[in-house]
Amino acid sequence: MSPFTGSAARTADWTHLRVRIADGVATVTLARPEKLNALTFGAYADLRDLLAELSRERSVRALVLAGEGRGFCSGGDVDEIIGATLDMDTARLLDFNRMTGQVVRAIRECPFPVIAAVHGVAAGAGAVLALAADFRVADPSARFAFLFTRVGLSGGDMGAAYLLPRVVGLGHATRLLMLGDPVRAPEAERIGLISELTQEGRTDEAAAALARRLADGPALAYAQTKALLTAELDMPLAASVELDASTQALLMNGEDYAEFHAAFTEKRPPKWRGR
Ligand SMILES: CC(C)(COP(=O)(O)OP(=O)(O)OC[C@H]1O[C@@H](n2cnc3c(N)ncnc32)[C@H](O)[C@@H]1OP(=O)(O)O)[C@@H](O)C(=O)NCCC(=O)NCCSC(=O)/C=C1/CC=CC=CO1
């Protein structure tokens, strides 16, 4: 049974994660502040499983991913993971690296918008978690560092070489993934890595306001927009416009579209049902 079944505002505990669902907004908090929310094997796996669980929750219409303490996430736990992976054979290494990629796929494939609320450090895997979100709302203290080459690994971990050029362009992505230099909030805003730069200390509030707006909006239209933005990245224009046409035809048969028309005619705000 889902751990979320029950009352309107619900919580559940996972490894180094806290989750709360209230009024259609799930807030997932990386909760290991004493290690800047570094991800252990258990935390990666739980994050993947939690996102899959939330994707099946019909009540969730937006998700905020945040970090507790003085940063968002310092990436893979260097002590636990580097130590263990040095002793693994290739098959187990592949299993681990596939598992971390599944976390990113879970963020990209869930049927609701994901907002990363970033303050302080977002490093390595932490930077990719933020990158995979649909929106990055950032505090002036935010700094993003794709550190993988700094630990002797490929900068293209967890889909970063797929996603980052699409967000900031190949030139910036090459620089950030190869050198691993930190990008501070003003530069992140300039190159389009963040969608909103907030006032200091107001990031959670801004992320919650955006989540509220999304959760109150036409959920099916948002889900289809997210799916198309992901699918069409790799499609020729002819296939894209065909997919757009079939998606739009589906939505034009839906209740929300008819509701918009009724609301417009009756001069009132629409009541979105996500159908
Ligand atoms: C630059 C830092 C991110 C922040 O520095 P600072 O603000 O001075 O804070 P610290 O004092 O260094 O950190 C506070 C405590 O947290 C521990 N900690 C921080 N990051 C990690 C981490 N990633 N793993 C384990 N522990 C971490 C730190 O040791 C302090 O603990 P104590 O108080 O007990 O001493 C700086 O912290 C830093 O550079 N961190 C490491 C960043 C990093 O290299 N991340 C990994 C990138 S690669 C990745 O994400 C993917 C993988 C997957 C594959 C293999 C291996 C690892 O990760």
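Refer to the structure presented above.
In this text the structure is predicted, and so the values were computed from the model without any measurement.

1. What about the layout of surface pockets?
Now for step 1: Size it by volume and the largest pocket reaches roughly 640 Å³.
Now for step 2: Elements with a contribution of two residues or more to the lining of the largest pocket: helix 2 (78-85) and helix 3 (90-109).
Now for step 3: It is helix 2 that provides the largest number of residues to the lining of the largest pocket, a total of five residues.
Now for step 4: Residues of the lining of the largest pocket, tallied by class, amount to 14 nonpolar, nine polar and four charged.
Now for step 5: In terms of lining, the second largest pocket is formed by 19 residues, of which the most central are Arg58, Val60, Arg61, Ala219 and Gly274.
Now for step 6: Of all the elements, helix 9 (residues 219-231) adds the most residues to the lining of the second largest pocket, at four residues.

2. Focus: the site of the ligand
Now for step 1: In the vicinity of the ligand there are 21 residues, among which Lys35, Arg70, Gly76, Val78 and Ala125 approach most closely.
Now for step 2: A distance of 2.8 Å separates an oxygen atom of the ligand from a polar atom in the backbone of glycine 76.
Now for step 3: Protein coverage of the free-state accessible area of the ligand, which is 1000 Å², stands at 65%.
Now for step 4: The element contributing the most residues to the shell around the ligand is helix 2, with three residues.

3. Focus on the sheet that holds strand 6 (residues 121-123)
Now for step 1: An order of 6-8-9 is seen for the three strands of this open sheet, with the pairing classed as mixed. Taken across any chain shown, the strands that pair with only one partner, and hence form the sheet edges, are strand 6 and strand 9 (183-184).
Now for step 2: By the bridge criterion, two bridges tie strand 8 (residues 143-145) to strand 9 in an arrangement that is antiparallel. Across the sheet, phenylalanine 144 pairs through a bridge with valine 183, a residue of strand 9.

4. Thoughts on the pattern of salt bridges
Now for step 1: Inspection of the entire model under this criterion finds 15 salt bridges.
Now for step 2: A salt bridge links aspartate 49 to arginine 48, with the nearest nitrogen and oxygen atoms 3.0 Å apart.
Now for step 3: Given the relative accessible area of 22%, arginine 48 is considered partly exposed.
Now for step 4: Ionic contacts of the salt-bridge type, sharing partners, join the residues Arg108, Asp134 and Lys226 into one network.

Definitions and cut-offs
Residues numbered from 1 in each chain as written. Predicted model: local features only at pLDDT ≥ 70, side-chain atom pairs only at ≥ 80, totals over all residues. Heavy atoms only, no water. 1 Å grid on protein atoms, 1.4 Å probe; cavity = no way out; pocket = protein on both sides within 12 Å on 5 of 7 lines; lining within 4 Å. Points joined across faces, edges and corners; volume = space filled by probe spheres on them. Helix = DSSP H or I, 4+ residues; strand = E, 2+ residues; numbered from the N terminus. Nonpolar A, V, L, I, M, F, W, Y, C, P; charged D, E, K, R; others polar. Near = heavy atom within 4 Å. Polar contact = N/O pair within 3.5 Å; in protein donor to acceptor, adjacent residues only side chain to side chain. Areas by Shrake-Rupley, 256 points an atom, 1.4 Å probe, with all protein chains shown as cover. Pairing = 2+ DSSP bridges. Salt bridge = Lys/Arg side-chain N within 4 Å of Asp/Glu carboxyl O. Buried < 20%, exposed > 50% of the residue type's maximum accessible area, 1.4 Å probe, protein only.

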